[in-house]
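An overview of the molecular structure
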Amino acid sequence: MKESIFNYHFLINDKEYLFNTNNGGLIELNPNGFTDEEKKILGENRFWVEDQCDEVCELEKEINENIQQGSEDLTLTLALTYQCNFHCVYCFEDKNDKVMNKETAQEIIEKVAQILPEHKYNRLKIHYYGGEPLLNLNVLLYFHEKFKIISEDMGIPYKTSLTTNGSLLTNELISYLKFDTIQLTFDGLAKTHNSLRVSDIFRFDEQVQLLGRILEHSDTQIRFRVNLCRQNRIEVMELYHYITEKYGKKRILFIPNRMIKFHEADPFDMLSIKEYSDALLEIKDALSDTYKLPSPERTPCNFVCRNAFSIDTDGNCDFCETTKEKKSYKFKDIDVRKKRAIHFREECRNCKCLPICLGGCVVQHNLNAGSCTYEKYHMEHIITKYLQSVNTGS
């Protein structure tokens with residue numbers, strides 16, 4: 001047998017540890033070697049593999065089998081319009097006047113009503129997106145009422161999320177929609193935020209107040225997103241503490257992300273994948289002393305393998321909501337049983353972190369923006385912090 005290519009070896013506090021990204025297992029190595037029984041367990045758990053085993057091909061086969069099993073949820077991202085009343089410097093959309101009409105919405109609704117019972121989905125998950133989706137409020141409300149009825153008839157949960165700039169979100173609408181999650185993006189403290197999320201009508205202070213209004217008028221969870229770039233990296237923790245000291249942490253999920261350049265002329269400085277990984281590690285260290293072990297992914301991004309669908313204003317399926325690759329098929333004509341197999345890129349096939357990220361975001365890779373997971377750069381730190389938390393019982 002041979003050692004797995006997905007093994008990491010670390011010497012921490014004079015003890016040697018072995019971590020395998022393909023099983024998520026961490027063991028302390030015995031300096032005196034292993035018994036036959038221990039060797040058997042190592043083989044069963046893929047720390048060691050047969051000499052002829054091609055682990056990357058085996059992983060690719062396993063992931064594609066998982067993809068074919070499908071998802072328990074029917075997940076749709078609906079771009080209700082490409083209009084927007086903001087001019088964020090990093091926006092990937094090519095803004096235009098297109099809006100989804102009720103005829104297209106009805107086609108999508110009828111398709112959902114057809115495939116939910118056919119494929120015995122356990123949940124209906126709808127993400128309302130744009131542009132600014134609230135600029136097409138009538139169609140959003142039309143979807144919302146129809147999907148509530150369909151899910152009630154099916155006896156399955158209807159899970160809703162909204163990505164919005166917040167400028168049109170009134171207290172009445174917050175109370176009425178009762179969305180499960182609403183994503184609000186803060187791109188730094190006031191001056192930086194207002195320079196990156198350009199609007200004459202709704203600025204940093206108004207958005208902070210909106211966050212409080214959502215908490216007051218609903219049970220909605222807020223996805224508090226920050227898009228990191230060189231202009232705002234040093235502000236992110238001050239921003240986090242400002243928001244959480246004002247409103248607490250309950251129902252506020254903090255989501256740092258990397259600001260991606262979709263156009264060469266976008267007026268901000270994108271972090272390299274290594275810079276972003278360093279920033280993410282600093283944030284994690286600042287927020288908690290407790291680390292979990294990285295775990296392998298069962299499937300890649302659901303949009304990649306057609307276990308989720310992004311639908312544009314004309315009812316066409318895109319690759320995902322951030323891509324420019326348009327498809328010629330309509331969602332109403334799609335066969336949800338047909339999945340898209342993945343094939344690992346050559347540069348990923350020798351990476352120990354492959355089971356954790358499965359190649360990362362395809363869109364970011366195609367933009368030459370880098371798609372590696374932050375664990376690739378900081379695995380020893382993560383394992384060290386994990387062991388510290390285990391040893392202290394935290």
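This one's a predicted model, so the numbers in the text were calculated from it and none came from an experiment. Note on numbering: residues in each chain are counted from 1, in written sequence order. Local features are withheld for residues below a pLDDT of 70 in this predicted model, meaning they are given only at 70 or higher, and side-chain atom pairs are given and counted only at 80 or more; totals for whole chains, interfaces and linings count all residues. Only hydrogens and water are set aside when side-chain values are computed; all heavy atoms of the structure are taken into account.

Examining the pattern of salt bridges
Under the convention used in this document: Salt bridges are defined as contacts in which a side-chain nitrogen from Lys or Arg sits within 4 Å of a carboxyl oxygen from Asp or Glu. Numbered from the N terminus, helices here are DSSP runs of H or I no shorter than four residues, and strands are runs of E no shorter than two. Classification of residues uses two cut-offs on accessible area relative to the type maximum, computed with a 1.4 Å probe and protein chains only: under 20% is buried, over 50% is exposed, and between them is partly exposed.
Scanning the model with the defined rule gives 12 salt bridges in all. Here E282 ties to R233 by a salt bridge, and the two come within 2.9 Å at their closest N and O atoms. Taken as a pair, E282 in helix α9 (residues 273–287) and R233 in the loop between β10 (221–228) and α8 (236–247) lie far apart in primary sequence, 49 residues in all. For E282, a relative accessible area of 46% translates into the label partly exposed.

A short note on α9
Convention followed: One fewer than the residue count of a helix, multiplied by 1.5 Å, yields its expected span. In this analysis, two residues are considered to be in contact whenever any of their non-hydrogen atoms come within 4.5 Å of each other.
Here α9 contains 15 residues, and its C-alpha end-to-end distance of 21 Å stays within 8% of the 21 Å for a straight helix at 1.5 Å per residue. Within the sequence span of α9, burial applies to I273, Y276, S277, A279, L280, L281 and I283. Looking at the buried side of α9, the elements it contacts are β10, α8, β11 (252–258) and α12 (375–392).

Some remarks on the sheet that holds strand β3 (residues 15–20)
What counts, and what does not: If DSSP finds at least two bridges between two strands, the strands pair. What counts as an axis is a line fitted to C-alpha atoms, over the stretch in contact for a helix, and the angles between N-to-C directions run from 0 to 180 degrees.
Ordered by their spatial adjacency, three strands build an open sheet running β2-β3-β4, and the pairing between neighbours is antiparallel. At either margin of the open sheet sits one strand with a lone partner, and together these are β2 (7–12) and β4 (25–28). Between one strand axis and the next, the sheet turns through 20° on average, direction left out of account. For β3 and β4, the ladder comprises four bridges, and the chain directions are antiparallel. Bridge pairing links F19 to L26 in β4.

What to know about the packing of α9 against α12
Packed helices, taken two at a time, are described by the angle between their axes plus the distance between the axes. Going by this rule: An angle counts as roughly parallel when it lies under 35 degrees, as roughly antiparallel when it exceeds 145, as roughly perpendicular when it falls between 65 and 115, and as oblique in every other case. Handedness of each helix crossing follows the sense of rotation of the near helix against the far helix: counterclockwise by less than a right angle gives left-handed, clockwise gives right-handed. Lys, Arg, Asp and Glu make up the charged group, whereas Ala, Val, Leu, Ile, Met, Phe, Trp, Tyr, Cys and Pro make up the nonpolar group; the residues left over, Gly among them, are polar.
Relative to each other, α9 and α12 sit at 15°, their axes nearing to 10 Å. Between α9 and α12, the interaxial angle falls into the category roughly parallel. Classified by chirality, the crossing of α12 by α9 is left-handed. The residues of α12 that touch α9, namely those facing I273, K274, S277, D278, L281 and D285, are Y377, H378, H381 and K385. Considered class by class, the residues forming the contact of α9 with α12 number three nonpolar, three polar and four charged.

Concerning the packing of aromatic side chains
Keep this limit in mind: For this analysis, a ring pair means two rings from Phe, Tyr or Trp (six-membered ring only for Trp) whose centres lie within 6.5 Å, classed as stacked if their planes differ by under 30 degrees, edge-to-face if by over 60, and tilted for the remaining angles. For a lysine, the NZ atom is tested; for an arginine, the CZ atom; a charge sits over a ring if that atom is within 6 Å of the ring centre and within 35 degrees of the ring normal.
In the structure shown here, the tally under the stated rule is 14 aromatic pairs. Judged by centre distance (4.9 Å) and plane angle (50°), the rings of Y240 and F254 are tilted. You can see Y240 sitting in helix α8 and its partner F254 sitting in strand β11, a full 14 residues away along the chain. Judged on exposure class, the residue Y240 and its partner F254 are both buried. Here a set of aromatic residues connected by ring pairs shows up, and it is made of F186, F204, F224, Y240, Y242 and F254. Seen from the ring of Y176, K148 lies directly overhead, with NZ or CZ sitting 5.6 Å from the centre.

Here we look at helix α7 (residues 204–217)
With 14 residues, α7 should reach 20 Å at 1.5 Å per residue; the first-to-last C-alpha distance of 20 Å fits that figure. Every buried residue of α7 is listed here: F204, Q207, V208, L210, L211, G212, I214 and L215. On its buried side, α7 packs onto α5 (171–177), β9 (181–185), α6 (190–196), β10, α8 and β11.

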